[in-house]
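Understanding the architecture of this molecule
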Amino acid sequence: MRPTGLPETAVREEIAAALAEDVPWPRVLNSICTEPHPVAVEAARAAAHTNLGDVRIFRGTKRIERKVVSLLLELLGRPQGAGSLVSGGTEANLLAMLAAHGDALRTGRLSDHPEVVVGSTVHFSFDKIFAALGITPVRVPVDDGLRLAPDSVEKALTEHTLAVVATAGSSELGVVDQVDEIAAVVEPHGAWLHVDAATGGFVIPFARELGLPLPQFDFSLDGVRSITIDPHKYGLANVPAGAVLFRDEEARQADSFFHGTPAHTTFLGTRPGSAAVATYAVLEHLGREGFVEITRTNYENTRYLTDRLADAGYGLLVRPELNIVVVRVPHAVEVSDLLDTRGWIVSTSKRFEDAVRVVVTRHVTRDVIDEFVPALIRADQDVRAGVAER
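Numbers given to residues run from 1 along each chain, matching the order in which its sequence is written. Thresholds applied to this predicted model are a pLDDT of at least 70 for local features of residues and 80 or more for the giving and counting of side-chain atom pairs; totals over whole chains, interfaces and linings are not thresholded and use all residues. Hydrogens and waters are ignored; side-chain quantities use all the structure's heavy atoms.

1. Comments concerning the packing of aromatic side chains
Ring pairs (aromatic) are described by centroid distance and by the angle formed between their planes. In plain terms, the rule: Only rings of Phe, Tyr and Trp enter the pairing, Trp through its six-membered ring, and a pair is recorded when the two centres are within 6.5 Å. The plane angle decides the type: under 30 degrees is stacked, over 60 is edge-to-face, the rest tilted. Segments assigned H or I by DSSP are reported as helices when at least four residues long, segments assigned E as strands when at least two residues long, and all are numbered from the N terminus. Buried means the residue's accessible area, taken with a 1.4 Å probe over protein chains only, is under 20% of the maximum for its type, while exposed means over 50%, and partly exposed covers the values in between.
Going through the model one piece at a time under the given rule, you end up with five aromatic pairs. For the ring pair Phe202 and Phe291, a centre distance of 5.5 Å and an interplane angle of 45° mean the geometry is tilted. Placement of Phe202 in the loop between strand 5 (192–197) and helix 8 (204–209) and of Phe291 in helix 9 (residues 273–311) is noted, with a sequence separation of 89 residues between them. Consider the rings of Phe206 and Phe291, whose centres lie 5.4 Å apart with planes at 10°: the pair is stacked. Remark: Phe291 occurs in helix 9 and Phe206 occurs in helix 8; sequence separation between them is 85 residues. Neither residue differs from the other here; Phe206 and Phe291 are each classed as buried.

Structural data, given as structure tokens:
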């Protein structure tokens, strides 16, 4: 810390210079997050001082959080359910596993060696969660569409099974597990079924309304006990804004030190109320109709991208179910690195070689796609030429 402070103008200039190094949104093609909706930015700014960890002070902010939770539960088919806003998918998944552990303990089903059945494409946050909670993951095969196979889940269920995790929209590949079929297998067994819909939660309900053949994944399925959903992704809210929702039960609570302060149901104690207010602003401003239209545009642009790629001779690793496109490109890591130097940010999978991942979200317009595809072709050609010379 400086002995004496800098003038505000100097601080602002330094911050502006640092932020100018960030890649502008239209050239960011690897992120499921996007620029927050202007109404969310305005609302977050107004609530920048709020803390959902102290509801004696921030009473109105807490009331808004409860409204947001109610709106999300209504979206996911369980208005009478429970839940909380959290920092994002990782915390939500952690709380879901804690809730599954608590449920098994209460009902006498908790094994000395608890296991959770997951697919090989489950989100990497679960590696940390299982290590922290002392849970053994049982990884089962995925099908040809890279989705968790219901028959593999059924074979993996034992007396040690604490929970099963299905993914409603893989952030890596954009595929949606057959949650309805998985729920039918898990529910008679009595295990907790958690659905990680951090990526697809703000896409699938609206895509289904548009007639896209995506499986049901929410609380309308009897076996689903908890769901992760992230408003700061396709929900257009400010980061951090995630949510964990429960069919009937909250996650394990932790009492505070003080009288009059309710027990915390989230992992974090101090939580930004700005996230709740921003999410509420977007949900109320856009409504279901607004999200349907945004989803329609994202899917139309996804089809436009896949058509442009096909015209250029590129194939896909898997058919896009969400607005995530994984295109087969030789020497994908080198191509990605070269695109990075040219101002384009894409992803490459560690598991699937020769595949470049592109996320089509609100800032990825047709104009952006028309700039990107030639840039990809040039980078691909330059890398191939370099490899040939070696």
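What follows continues from the structure just given.
2. Digging into the pattern of salt bridges
Cut-off, in case you're wondering: What makes a salt bridge here is a side-chain nitrogen of Lys or Arg within 4 Å of a carboxyl oxygen of Asp or Glu, nothing more.
Applying the stated criterion to the full structure yields 19 salt bridges. Among the ionic pairs, Arg12 bridges to Glu8, the shortest N-O distance being 2.8 Å. Taken together, the residues span about one helical turn, with Arg12 and Glu8 both in helix 1 (residues 8–19) at a distance of four residues. You can call Arg12 exposed: its relative accessible area is 51%. In this structure, the salt-bridge partner of Arg308 is Asp370, at a minimum N-O distance of 2.5 Å. Taken as a pair, Arg308 in helix 9 and Asp370 in helix 11 (residues 366–389) lie far apart in primary sequence, 62 residues in all. Look at the salt bridges and you will find they share partners, linking Lys62, Glu65, Arg66 and Arg271 into a network.

3. Describing the UniProt feature "modified residue: N6-(pyridoxal phosphate)lysine" (unreviewed entry) in the protein
Definition in use: UniProt positions are given in the numbering used here, feature names are shortened, and annotations may be inferred rather than shown by experiment. Every residue pair with non-hydrogen atoms within 4.5 Å of one another is taken to be in contact.
Summarizing the sequence annotation, UniProt attributes the feature "modified residue: N6-(pyridoxal phosphate)lysine" (unreviewed entry) to Lys233 in the numbering used throughout. For Lys233, the location among the structural elements is in the loop between strand 6 (224–229) and strand 7 (242–246). Contacts of Lys233, omitting those with residues within four sequence positions, involve Ile32, Cys33, Ala198 and Thr199.

4. A word on the sheet that holds strand 3 (residues 136–140)
Spelled out, the test is: When DSSP finds two or more bridges between two strands, those strands count as paired. Axes, fitted as lines to C-alpha atoms, cover a helix only where it is in contact. Angles between the N-to-C directions of the axes lie from 0 to 180 degrees.
Spatially, the seven strands line up as an open sheet ordered 1-7-6-5-4-2-3, and their pairing is mixed. Strands at the two margins of the open sheet, each flanked by one partner only, are strand 1 (82–86) and strand 3. Between one strand axis and the next, the sheet turns through 20° on average, direction left out of account. The sheet contact formed by strand 2 (residues 115–119) and strand 4 (residues 161–167) spans three bridges and is parallel. Counted as the bridge partner of Val116 is Ala163 from strand 4. On the sheet, helix 4 (residues 89–107) packs against strand 1, strand 2, strand 4, strand 5, strand 6 and strand 7 and is oriented at approximately 175° with respect to strand 5.

5. With respect to the pairing of strand 4
Selection criterion: The path from the first strand over the helix to the second decides the hand: if it runs clockwise while the strands point away from the viewer, the crossover is right-handed.
Burial runs high along strand 4: seven of the seven residues are buried. Pairing between strand 4 and strand 5: five bridges, direction parallel. Residue pairing for strand 5: Val165 is matched across the bridge by His194. For the segment spanning strand 4, helix 7 (residues 179–186) and strand 5, crossover handedness is right-handed.

6. Thoughts on a nonpolar patch on the surface
Keep this limit in mind: Nonpolar side chains (Val, Leu, Ile, Met, Phe, Trp, Tyr) are joined into patches within 5 Å and like charges within 9 Å, using only residues with over 30% relative accessible area and no salt bridge. Only the protein chains shown count as cover for residues, and all accessible areas are computed by the Shrake-Rupley method using a 1.4 Å probe.
On the surface, Leu6, Val11, Ile15 and Leu19 cluster together into a nonpolar patch covering about 330 Å² of accessible area. Inspection of the secondary structure assignment puts Leu6 in the segment before helix 1. Overall, the relative accessible area of 36% leaves Leu6 in the partly exposed class.

7. What about the domain arrangement of the protein?
Rules: Each domain's extent was defined by an automatic or database domain assignment. Two parts placed together each lose some accessible area under a 1.4 Å probe, and adding up what both lose gives the buried area. A 3.5 Å cut-off defines polar contacts: any pair of N or O atoms within that distance qualifies, except that in protein one atom must be a possible hydrogen donor and the other a possible acceptor, and neighbouring residues in sequence count only when both atoms are side-chain atoms. Residues were grouped as follows: Ala, Val, Leu, Ile, Met, Phe, Trp, Tyr, Cys and Pro as nonpolar; Asp, Glu, Lys and Arg as charged; and all remaining residues, including Gly, as polar.
According to the domain assignment, the protein contains domain 1 (8–32 + 288–389) and domain 2 (38–285). Domain 1 and domain 2 are separated by 28 Å when their C-alpha centres are compared. Across the contact, 24 residues belong to domain 1 and 32 residues belong to domain 2. Roughly 2,500 Å² of surface becomes buried between domain 1 and domain 2 when both sides are summed, with 65% attributable to carbon and sulfur atoms. Together, Ile32, Phe291 and Glu321 form the three largest contributors to the area buried by domain 1 at its contact with domain 2, with a combined 29%. Between domain 1 and domain 2 we count three salt bridges in total. Between Glu172 and Arg351 there is a salt bridge, with its nearest N and O atoms 2.1 Å apart. Linking domain 1 to domain 2 there are nine residue pairs in polar contact (both at pLDDT 80 or more). Elements supplying a minimum of two residues to the side of domain 1 that touches domain 2: helix 9, strand 8 (324–328) and strand 10 (355–359). Looking at which element gives the most residues to the side of domain 1 that touches domain 2, the answer is helix 9, with eight residues. Considering only residue class, the side of domain 1 that touches domain 2 consists of 13 nonpolar, five polar and six charged.

8. Re the pairing of strand 2
Within strand 2, five of the five residues are buried, leaving the element largely enclosed by the surrounding structure. Alternating positions in strand 2 separate into two faces, Glu115, Val117 and Gly119 on one and Val116 and Val118 on the other, with burial throughout. Alignment of strand 2 against strand 3, held across five bridges, turns out to be parallel. For Val118, the partnering residue across the bridge sits in strand 3 and is Arg139.

9. Focus: the sheet that holds strand 8
Here three strands make up an open sheet; going across it, the order is 8-10-9 and the pairing antiparallel. The two strands at the open ends of the sheet, each matched to only one other strand, are strand 8 and strand 9 (347–348). In terms of strand pairing, strand 9 meets strand 10 through two bridges, oriented antiparallel. Note that in strand 10 the partner of Thr348 across the bridge is Val356.

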